[in-house]
There are 2 protein chains.
Amino acid sequence: MADEALFQFLHSEIIQYVNRAETGESENGRCVSKLENMGFRVGQGLIERFTKDTPRFKDELDVMKFICKDFWTSVFKKQIDNLRTNHQGIYVLQDNKFRLLTQLSAGKQYLEHAPKFLAFTCGLVRGALSNIGVKSIVTAEVSVMPACKFQVMIQKILLGCDRRHWCEIRFQCEYGRGLC
Amino acid sequence: MADEALFQFLHSEIIQYVNRAETGESENGRCVSKLENMGFRVGQGLIERFTKDTPRFKDELDVMKFICKDFWTSVFKKQIDNLRTNHQGIYVLQDNKFRLLTQLSAGKQYLEHAPKFLAFTCGLVRGALSNIGVKSIVTAEVSVMPACKFQVMIQKILLGCDRRHWCEIRFQCEYGRGLC
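Since the structure is predicted, the reported quantities are computational estimates derived from the model, not experimental observations. (Residues numbered from 1 in each chain as written. Chains lettered and ligands numbered in written order. Predicted model: local features only at pLDDT ≥ 70, side-chain atom pairs only at ≥ 80, totals over all residues. Heavy atoms only, no water.)

J.: Talk me through the overall build of chain A; I want residue IDs and the actual numbers.
T.: The helix and strand tally for chain A stands at four helices and five strands. Reading chain A from its N terminus to its C terminus gives the helix and strand order α-α-α-β-β-α-β-β-β. Among the 180 residues that make up chain A, the fraction classed as buried is 47%. Considering only contacts within chain A whose residues lie at least 6 apart along the sequence, 64% involve residues at least 24 apart. Within the structure as shown, chain A displays about 9,200 Å² of accessible surface, and the carbon and sulfur contribution to it stands at 49%. (Helix = DSSP H or I, 4+ residues; strand = E, 2+ residues; numbered from the N terminus. Buried < 20%, exposed > 50% of the residue type's maximum accessible area, 1.4 Å probe, protein only. Contact = heavy atoms within 4.5 Å. Areas by Shrake-Rupley, 256 points an atom, 1.4 Å probe, with all protein chains shown as cover.)

Dropping the structure here:
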C-alpha cells in the first residue's frame, strides 16, 4: 500500500511539473513526449532488475506474458486483465482498472487529460521491451476511465505468416498457452 | 525490491528533468526548491495514508519517532539509524546509508550534487510533519556519502524549557523511551 501510494503521488507530481515546465505552441505534445521518455528510461532500468534471475524468454509471446504478468504486478500491483494479439506483432494489453487513472474523475470532460496519465506507462513498456531486445511503438487509448488499452506494435519484418485473425491470450493461472 | 527500484529510478529521472528545466541565474537553488516542493506534497499525501489507523500522537517526540521508524521504513525500507534532539525543537535524523545517495559515487567531487538528491526527502519530511500539524524547516547535510543527516527545526515558541543539552533517542527495539 505504501509503495503504491508513493509511486502514485510522485507520478502525479511529475505530470503537474512537466505540464507547467513545457510551455509553448505544442506544449501538450511535448509534455507527453517528456513523460514518455522518462518512462522509457525507468522501464529500461526496472526490467534489468526484474529479469535478473528469470530464465531466457522462449519467444515474443513469452516476453509479452512476462510484461503483462510479472512486470505489471510489480509496478501496478495487479496483472493485465486481457492480452490479445494478431500474431503479426501487434499486442493489445487491456487493464480494466488502471491504477494511474483511478485518481481521475471518470467524467467525460477529463478524457482529454488521460494521455498525460498514460504517457509514462507507454514509455515504461517500450523501455522494458527495448532492454529485452524488442523494439516497439507503444500507444494507449481510453474510452471509459479507469479502463485503458495499451497497443504494442513490435517493429520487425514478418515472413511467411498467414494468421490474420486476432487471438486472446490466457495467462490468468500459471503462464498458460496462447489460444488460436 | 521492485518498488524500491521504481522509486529510485523515478526519483533520478525527476532530478534530471528538473535540473534541465530550471535554467537561469539561480538555477541550482530553483531546482532544489522545486524538488523540495514536490516532496512536500508527496509527504502530505503519504502521511495521511500511513496514519489512517494509528492512534493519536502523544507529543512531538512521538511524532518524530513515527517519522524515523514507520514513515522512513515505508519509503526507504529501513529506519533512521540515529535520532537526536536538544529538547528545544531541533531534531537530527541520521541515516548511515541513505537510499537515494547509494547510486552516487562516494567520491568527494560528487558532494556538490548531493543537495539535489536530498531536496525531495527534505520536502517529504516537512510535508508529512505539516499534515500532522507540526510546522518545520528541514535541511540536510552530507559529509561522507551515502550517510546523511536531516535537521528538523520545529517552529514554535518554547516557554520554561531549561534543558539545553542534546539527547539521543533510542527507538531501535519497540518504540522506546527518550534518554535524558
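J.: Residue-level account of the pairing of strand β2 (residues 90-95) of chain A, with values.
T.: The side chains of a regular strand alternate, residue by residue, between the two faces of the sheet. All names here are of chain A. Summarising burial for β2: five of the six residues are buried, a large majority. Pairing geometry for strand β1 (residues 82-85) and β2, over four bridges, is antiparallel. Residue N82 lies in a different strand from β2, and its bridge partner there is Q94. If you look at the hairpin formed by β1 and β2, you'll find four residues sitting between the two strands, and H87 has a positive phi there, around 60°. As defined by bridge partners, β2 adjoins strand β4 (residues 148-154) across six bridges and the pair is classed as antiparallel. (Pairing = 2+ DSSP bridges.)

J.: Requested: an account of unusual backbone geometry, with residues and values cited.
T.: Residues and elements named next belong to chain A. At the junction of M145 and P146, the peptide bond is cis and its omega measures out at 0° in the coordinates. If you trace the backbone, P146 turns up in the loop between β3 (136-141) and β4. A positive phi angle, near 60°, is found at K77, a position not held by glycine. Relative to the helices and strands, K77 is located in the loop between α3 (60-76) and β1.

J.: Any details on the relation of the copies chain A and chain B? Residues and values, ideally.
T.: The operation relating chain A to chain B is a screw motion whose rotation component is 180°, with 0.0 Å of axial translation and a residual RMSD of 0.0 Å. Taken together, these values place the two copies in the relation of a two-fold axis. When the interface residues of chain A are mapped onto chain B, 100% of them again fall at the interface, so both copies present the same face. (Least-squares fit on C-alpha atoms with pLDDT ≥ 70 in both.)

J.: Help me get a handle on the pattern of salt bridges, residues and values and all.
T.: Enumeration over the complete set of coordinates arrives at twelve salt bridges over all chains. With a shortest N-O distance of 2.7 Å, R41(B) and E13(A) are connected by a salt bridge. Placement of the pair is R41(B) in helix α2 (residues 27-50) and E13(A) in helix α1 (residues 2-21), with the two residues belonging to separate chains. Between R99(B) and E4(B) there is a salt bridge, and its shortest N-O distance comes to 2.6 Å. A residue pair is termed long-range when its members are at least 10 positions apart, and R99(B) in the loop between β2 (90-95) and α4 (114-131) and E4(B) in helix α1 (residues 2-21) qualify at 95 residues. A relative accessible area of 15% means that E4(B) is categorised as buried. One connected set of salt bridges, linked through shared partners, spans K78(A), D81(A) and D95(A). (Salt bridge = Lys/Arg side-chain N within 4 Å of Asp/Glu carboxyl O.)

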